[in-house]
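The lines below spell out each chain.
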Amino acid sequence: MLLTATPAAPAPRVVSFDQCADQFVLAISPRHAIAGLSPRADDPDSRLRASARGLPLRRVGLESALAARPDVAVRYWGGDPRLTDALARRGVRIVTIDEAGDFAGVRRNIRKVAAALDQPARGEALVAEMDARLARAAGAWKGASVLYVTPGGVTAGGGTLIDAVLRSAGLANAERRPGFHTISLESLALTPPQTVVLGFFDAFRLAGDHWGAGRHRVLQRIVAERAVASLPGSMLGCPDWGAAEAAEQLALAARR
């Protein structure tokens, strides 16, 4: 009896509704199955913007989404409940990327999207690449204390992906409180941090923002004197494997 191979099912057509979802779709879906990306997929702070060239960028709305004829829609913050409910009623599978406070959460997000797009092997390859970056970054700073700072004067403590990035590169987070907090300028002046890691400063410079380092001379001086690395917003803005690239960049800074 002649056996014939069963042809593989075509990859599901997919659209993404925000810049974070774009990164997952661009990294995991076969290019021919991408029916639409968000309008921000080719912005300067989109990490995979080069891969978005030539693909359709669609306004996030019901008419535009239906015109793409998707099987799956991926979102993080984009697409309001009315849109996602309307698409779900028409048989579109809605996949929401979850918040991630550590790299285990990032792995779950990768595998969640990969499963929805019928691309488990691509998902596992992405996880393996992320874990290899983390292995290369491990212990680089040998426990040095650091404070994370954004241009708006915000820092991050335990339970955040930023904290996981710092720890993955061998840094000890000077912020002891969990979650995100506004930096106390008084405590900074009295007890300056040993070192500072900057985040999102590139995005503010691109926008021509002059509020740098919370607009206060104390914070500006500490940033100027004690910053050891500046991590781009494209690595920090989404609960994805870009955070491992940030950890690796921190490790490289330690070895200079």
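Reading the values: the criteria
- Residues numbered from 1 in each chain as written.
- Predicted model: local features only at pLDDT ≥ 70, side-chain atom pairs only at ≥ 80, totals over all residues.
- Heavy atoms only, no water.
- Pairing = 2+ DSSP bridges.
- Helix = DSSP H or I, 4+ residues; strand = E, 2+ residues; numbered from the N terminus.
- Axes fitted to C-alpha atoms, helices over the stretch in contact; angles between N-to-C directions.
- Contact = heavy atoms within 4.5 Å.
- 1 Å grid on protein atoms, 1.4 Å probe; cavity = no way out; pocket = protein on both sides within 12 Å on 5 of 7 lines; lining within 4 Å.
- Points joined across faces, edges and corners; volume = space filled by probe spheres on them.
- Nonpolar A, V, L, I, M, F, W, Y, C, P; charged D, E, K, R; others polar.
- Salt bridge = Lys/Arg side-chain N within 4 Å of Asp/Glu carboxyl O.
- Buried < 20%, exposed > 50% of the residue type's maximum accessible area, 1.4 Å probe, protein only.
- Right-handed = clockwise from strand over helix to strand, strands pointing away.

Here the focus is the sheet that holds strand β1 (residues 14-16). The strand order across the open sheet built from four strands is β2-β1-β3-β4, with neighbouring strands paired in parallel fashion. The two strands at the open ends of the sheet, each matched to only one other strand, are β2 (34-36) and β4 (93-96). Mean inter-strand twist for the sheet, computed between neighbouring axes without regard to direction, equals 30°. Along the sheet, helix α5 (residues 103-116) contacts β3 (72-75) and β4; its crossing angle with β4, the most-contacted strand, is approximately 165°.

Our focus in this paragraph is empty space enclosed by the protein. Under the definition given, this model contains one cavity of 30 Å³ or more. Of the volumes computed, that of the largest cavity is approximately 40 Å³. Going through the elements one at a time, β1 and α3 (62-67) are the ones with two or more residues in the lining of the largest cavity. Looking at side-chain class alone, the lining of the largest cavity contains five nonpolar, two polar and two charged residues.

Here the focus is the sheet that holds strand β5 (residues 144-149). One open sheet accounts for four strands, arranged β7-β5-β9-β10; its pairing is parallel. The two strands at the open ends of the sheet, each matched to only one other strand, are β7 (171-173) and β10 (227-231). Recorded for the sheet is a direction-independent mean angle of 35° between the axes of neighbouring strands. As paired strands, β5 and β7 are joined by three bridges and run parallel to one another. In the strand pairing of β7, A144 is matched with L171. Running at roughly 145° to β7, helix α7 (residues 161-168) makes contact with β5, β7 and β9 (196-199) of the sheet. Each of β5, β9 and β10 is contacted by helix α10 (residues 217-226), which is oriented at about 100° to β10, the strand it contacts most.

The subject of this paragraph is the pattern of salt bridges. As enumerated under the stated definition, the model contains 13 salt bridges in all. One salt bridge in this structure joins R136 and E248, with 2.6 Å as the shortest N-O distance. Taken together, the positions of R136 in helix α6 (residues 120-137) and E248 in helix α12 (residues 242-254) put the pair 112 residues apart, joining distant regions of the chain. For D163, the salt bridge identified is with R167, shortest N-O distance 2.7 Å. Of this pair, D163 and R167 both sit in helix α7, separated by four residues, roughly a single helical turn. Its relative accessible area of 48% is what places R167 among the partly exposed residues. Salt bridges sharing partners connect three or more residues here, namely E129, R133, R136 and E248.

With that settled, the discussion passes to the pairing of β4. Where β3 and β4 come together, four bridges link them in parallel fashion. Bridge assignment links R75 to a residue of β4, and that residue is T96. You can see the chain leave β3, run along helix α4 (residues 81-89) and come back into β4, and the turn it takes is right-handed.

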